[in-house]
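So the chains spell out like this:
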Amino acid sequence: QVQLVESGGGLVQAGVSLRLSCAASGRTFSRYAMGWFRQAPGKEREFVAAIGWSGGNTYYADSVKGRFTISRDNAKNTVYLQMNSLKPEDAAVYYCAATILNWDLKDPNKYNYWGQGTQVTVSS
């Protein structure tokens, strides 16, 4: 069992940066690939970024590529999402997720555990 707790969301102006964190419980964090997804009001949950077990492989949605960076610290059981040059369309609830798989990480159905989400609001 893995429990995930996101933090770092908030209200920011367009163009600034924000870093989300996701702290995981358990001693087997390094055996899970991690992903970030987001859901805006009235829209489906969408993939944002993912990182493999060791952190060597990362994946991004086209809409955030070059602006967002996912990373992990297995010693701290934490995964991060550095978000730069935020846009109003980035506003959403951001969810952290964990999966025992290390492939097909853009598919939310592949994830076993989810956090409760953290709200990111971007004003123009």
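The notes below deal with the structure included here.

So, how was this worked out
- Residues numbered from 1 in each chain as written.
- Predicted model: local features only at pLDDT ≥ 70, side-chain atom pairs only at ≥ 80, totals over all residues.
- Heavy atoms only, no water.
- Helix = DSSP H or I, 4+ residues; strand = E, 2+ residues; numbered from the N terminus.
- Buried < 20%, exposed > 50% of the residue type's maximum accessible area, 1.4 Å probe, protein only.
- Disulfide = S-S within 2.5 Å.

Another point: unusual backbone geometry. Of note in this structure, N77 is not a glycine but carries a positive phi near 55°. Residue position: N77 is located in the loop between β7 (68-73) and β8 (78-83). For N77, a relative accessible area of 16% corresponds to the buried category. With phi around 55°, D104 is a residue other than glycine that occupies positive phi space. Note on placement: D104 falls in the loop between β9 (92-99) and β10 (113-114). With a relative accessible area of 41%, D104 lands in the partly exposed category.

Before going further, it helps to examine the state of the cysteines. Put plainly, two cysteines are in a disulfide when a covalent bond ties their sulfur atoms together. Within this structure, the stated rule accounts for 1 disulfide. Put simply, C22 and C96 are joined by a disulfide, and their sulfur atoms are 2.1 Å apart. In this structure the cystine formed by C22 and C96 twists about its S-S bond by roughly -75°; its chirality is therefore left-handed. A residue pair is termed long-range when its members are at least 10 positions apart, and C22 in strand β3 (residues 18-24) and C96 in strand β9 qualify at 74 residues. Of the two residues, C22 and C96, neither departs from the other in class, the shared state being buried.

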